[in-house]
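# Survey of secondary and tertiary structure
Spelled out, the chains give:
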Amino acid sequence: MKKGLLLTFSLVLIIGVIYKLSSPSEEWQTFKKTAHNEIQSYPTTTEEKKRVKISPQKEEKSQKRKERLPASKRPSSVVSSQRKEVTLPGQKWKDKAKPLNKPHKDWKKRMGNDLLRFLRPETKLFVRQLESLTINNKGNPHHVEKVLVKLSSPEGKLYSYNALVDSESGKLIKTWNRTIHENIALKDHHDHDDHTPRGKFRPSGAITKQGSIRY
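Residues numbered from 1 in each chain as written. Predicted model: local features only at pLDDT ≥ 70, side-chain atom pairs only at ≥ 80, totals over all residues. Heavy atoms only, no water.

### A short note on the nonpolar core
Ranked by size, the top nonpolar core spans 16 residues in total, and within it Met 111, Leu 125, Val 147, Tyr 161, Val 165 and Leu 172 carry the most contacts. Those elements that place two or more of their residues in this core are α4 (107–116), β4 (124–137), β5 (140–152) and β6 (157–166). Here Val 165 is in contact with Trp 107, Met 111, His 143, Val 144, Glu 145, Val 147, Gly 170, Lys 171, Leu 172 and Ile 173, once residues within four sequence places are set aside. One finds Trp 28, Phe 126, Leu 130 and Leu 148 within the second-largest nonpolar core, a separate group that totals seven residues. (Core = buried A, V, L, I, M, F, W, Y, C linked by side-chain atoms within 4.5 Å. Buried < 20%, exposed > 50% of the residue type's maximum accessible area, 1.4 Å probe, protein only. Helix = DSSP H or I, 4+ residues; strand = E, 2+ residues; numbered from the N terminus. Contact = heavy atoms within 4.5 Å.)

### Some thoughts on the pairing of β4
Across the 14 residues of β4, twelve count as buried, placing the element largely inside the fold. Pairing geometry for strand β1 (residues 29–33) and β4, over three bridges, is antiparallel. Among the inter-strand pairings, Gln 29 is bridged to a residue of β4, identified as Val 127. Across two bridges, strand β3 (residues 84–85) lies against β4 in parallel orientation. (Pairing = 2+ DSSP bridges.)

### As for unusual backbone geometry
Phi angles above zero are rare outside glycine, and Lys 53 is one such case at about 60 degrees. With respect to the helices and strands, the residue Lys 53 is situated in the loop between α2 (46–51) and α3 (56–65). One non-glycine residue, Lys 96, adopts positive backbone phi at about 55 degrees. Among the structural elements, Lys 96 can be located in the loop between β3 and α4.

### Looking at the pairing of β6
In terms of residue burial, β6 counts as a mostly covered element, since ten of its ten residues are buried. Burial of β6 is two-sided: the residues Lys 157, Tyr 159, Tyr 161, Ala 163 and Val 165 facing one way and the residues Leu 158, Ser 160, Asn 162, Leu 164 and Asp 166 facing the other way are all buried. Alignment of β5 against β6, held across nine bridges, turns out to be antiparallel. What sits directly across from Lys 150, in β6, is Ser 160. What sits between β5 and β6 in their antiparallel hairpin is a turn of four residues, with Gly 156 showing a positive phi close to 100 degrees.

### A word on the packing of aromatic side chains
The description of an aromatic ring pair uses the distance of the two centres, along with the angle that the planes make with each other. In total, this model carries zero aromatic pairs according to the counting rule given. Positioned above the aromatic ring of Trp 176, the side-chain terminus of Lys 174 is 6.0 Å from the ring centre. (Phe/Tyr/Trp six-rings, centres within 6.5 Å; stacked < 30°, edge-to-face > 60°. Lys NZ or Arg CZ within 6 Å of the ring centre and 35° of its normal.)

### A closer look at the pattern of salt bridges
Tallying each qualifying case throughout the model produces eight salt bridges. Across the pair Lys 49 and Glu 27 runs a salt bridge whose closest N-O atoms are separated by 3.3 Å. You can see Lys 49 sitting in helix α2 and its partner Glu 27 sitting in the loop between α1 (2–22) and β1, a full 22 residues away along the chain. Assessed through its relative accessible area of 18%, Lys 49 is described here as buried. Here Glu 131 and Lys 84 are joined by a salt bridge, their closest N and O atoms 3.0 Å apart. Of the two residues, Glu 131 sits in strand β4 while Lys 84 sits in strand β3, which places them 47 residues apart along the sequence. With a relative accessible area of 18%, Glu 131 lands in the buried category. In this structure Lys 84 comes out as partly exposed when scored by relative accessible area, which is 33%. A single salt-bridge network, built from bridges that share partners, covers Lys 84, Glu 131 and Lys 146. (Salt bridge = Lys/Arg side-chain N within 4 Å of Asp/Glu carboxyl O.)

This is a description of form; function is not addressed.
Take a look at the structure:
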């Protein structure tokens, strides 16, 4: 009996590990500045998800509707089984091409530090990894992470976009599907007082050529 239970437990554990390794997307992670201007990160709380309108079911359905990059068929030892290799029409790989970077376990932390460095302390950054990819960068393999990003400004304005992030440095390479949502802070206040006029939000910056975002 004990051997049977032990065997069952072991099988469940193995299946769980395999499922975790085979699923590239992760849970949401929150980044914010501390009082000493350092970057703090932690798993996004249920309250934060509710406030910035993060719904797992809606996010999954939304991502399935996104245009998918075509997968290429090139024998290569530089791409792991958990990283999809993609090539756009007209792109070719160089002979004996070497990767331009090496995936780093702290790429997400580096991304959070890079994005929040120029933002006001009250700004919160929410990041969710969707896929690990290897794209064609002028014929060379370039390891990147496909992510979904949400930003909550001090005034309560909510921004979201998709991005490709360098798997080593954590720097933004490309962004798309950029959306500005309603002011959640003013909405919360308006729900309590219908006679309160809505305020205006004036952004103080934009996406730079280096990929940094300022508000």
